[in-house]
Amino acid sequence: FYDSAQIHQEDGDGVFYVSHDKELLGMIVLKHEVRKGTKKMIEDLRQNGVKHIALISGDEEKVANSFALEFGFDTVFSNQSPIDKANAIEELKKRYNNVVMVGDGVNDTLAMSKADVAISFAAGGSEAAIEVSQVAITHSHPEDVVNLYNLSKKSLKVVNQNYWIGTSTNLIGVAFASVGMLSPVAAGAIHIGHTVAIMANSFRLA
């Protein structure tokens, strides 16, 4: 049994022993169901600049290590209780400026509350995980995490552009007004102009 169990664990399977009156009768092997697109999600996040991707799992060490090796995680935290997961997030926050956690189970909620940003999968995820997360992905496709990451970066870029559009036009208006070269009508036109420019620039996010 033990040799067979070890082989299954190294393959990333969960192994449960069945006994009766201290006599080992057999074992149950469970295959982990991984969301389709998980590996591509990790690859895309890495290509888009995510520095470190960690697996925080309640699974036994061999199972977690096998999964991490197959999917390309940088760090593995195995045999993690809910408190252990929260401590792992705190440890990662000491090493990295911003930590995002993706989770969907009740056991993930404490750790998600410690992350800078928590993302939950709404379809099939626990209500507790959805409640504690800042972002809930409706369709629960791993690739949506990548889409969210890209949209966030693009949104920050647009916000920065809008700031300079508004600030620069206001400064130009102040400069002209200070030397008496800006009438109230022209000032209103500048204000409307930069408002329209900001709206048009923001519309690109749609």
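A few points on the structure. Remember, it's a predicted structure, so these values are computed and weren't measured experimentally.

### Quick notes on the environment of P142
Next up, step 1: Mapped onto the secondary structure, P142 falls in the loop between β7 (135-137) and α7 (143-178).
Next up, step 2: Along the sequence, P142 and V102 sit 40 residues apart, while their C-alpha atoms lie 9.6 Å from each other.
Next up, step 3: If we skip the residues at most four places from it in the chain, P142 touches R35, K36, G37, T38, M41 and F121.

### Things to note about the nonpolar core
Next up, step 1: M41, I42, L45, F73 and V145 are the most contacted members of the largest nonpolar core, which totals 14 residues.
Next up, step 2: Excluding residues within four positions of it along the chain, F73 makes contact with I42, I53, A54, L55, F67 and A68.
Next up, step 3: Among the nonpolar cores identified, the runner-up in size contains twelve residues, and I56, F77, V99 and A118 belong to it.

### So, the packing of aromatic side chains
Next up, step 1: A full pass over the atoms with the stated rule returns three aromatic pairs.
Next up, step 2: Among the aromatic side chains, those forming a connected cluster through ring pairs are F67, F71 and F73.

### Concerning helix α3 (residues 61-71)
Next up, step 1: Taken as a whole, α3 has its buried residues at V63, A64, S66, A68 and F71.
Next up, step 2: Summarising the contacts, the buried residues of α3 are in contact with α1 (2-10), α2 (38-47), β3 (54-56) and β4 (75-77).
Next up, step 3: One side-chain oxygen at the N-terminal end of α3 lies 2.7 Å from the backbone nitrogen of K62; it belongs to E60.
Next up, step 4: Looking at the residues trailing α3, positive phi occurs at G72, about 85°.

### Quick word on α2
An α-helical turn contains 3.6 residues, so a residue and the one three or four places further along point in the same direction.
Next up, step 1: Considered for burial, the residues of α2 that qualify are T38, M41, I42, D44 and L45. Buried residues of α2, seen end-on, are gathered within an arc of 165° and therefore sit on one face of the element.
Next up, step 2: Where α2 is buried, its residues meet α3 and α7.
Next up, step 3: At the C-terminal side of α2, G49 shows a positive phi close to 110°.

### Quick notes on the sheet that holds strand β5 (residues 100-103)
Next up, step 1: Spatially, three strands are ordered β5-β6-β7 in an open sheet, and the strand pairing comes out parallel. For this open sheet the edge positions go to β5 and β7, each flanked by a neighbour on one side alone. For this sheet, the mean inter-axis angle between neighbouring strands, taken without regard to orientation, is 20°.
Next up, step 2: Against the sheet, α7 engages β5, β6 (117-121) and β7, with an angle of about 140° to β7.

Rules used throughout
- Along each chain, numbering runs from 1 in the same order as the chain's sequence is written.
- Only residues with pLDDT of 70 or above have their local features reported here, since the model is predicted, and side-chain atom pairs are shown and tallied only from 80 upward, although totals for entire chains, interfaces and linings are computed over all residues.
- Side-chain measures here rest on the full set of heavy atoms in the structure, leaving out hydrogens and waters.
- Segments assigned H or I by DSSP are reported as helices when at least four residues long, segments assigned E as strands when at least two residues long, and all are numbered from the N terminus.
- Whether two residues are in contact is decided by their heavy atoms: any pair within 4.5 Å suffices.
- Think of a nonpolar core as a cluster: buried Ala, Val, Leu, Ile, Met, Phe, Trp, Tyr and Cys residues, connected wherever their side-chain atoms sit within 4.5 Å.
- Whether a residue is buried, partly exposed or exposed follows from its accessible area with a 1.4 Å probe, protein chains only, as a fraction of its type maximum: under 20%, in between, or over 50%, in that order.
- The rule is short: rings of Phe, Tyr and Trp, with Trp giving its six-membered ring, pair when the centres are within 6.5 Å, and they are stacked under 30 degrees, edge-to-face over 60, tilted in between.
- Pairing of N or O atoms within 3.5 Å defines a polar contact, subject to two protein rules: one partner must be a possible hydrogen donor and the other a possible acceptor, and residues neighboring in sequence count only if both atoms are side-chain atoms.
- What the arc measures is the spread of directions leading from the helix axis to the C-beta atoms.
- Whether two strands pair depends on DSSP finding at least two bridges between them.
- Note on geometry: axes are C-alpha line fits, over the in-contact stretch for helices, and angles between N-to-C directions span 0 to 180 degrees.

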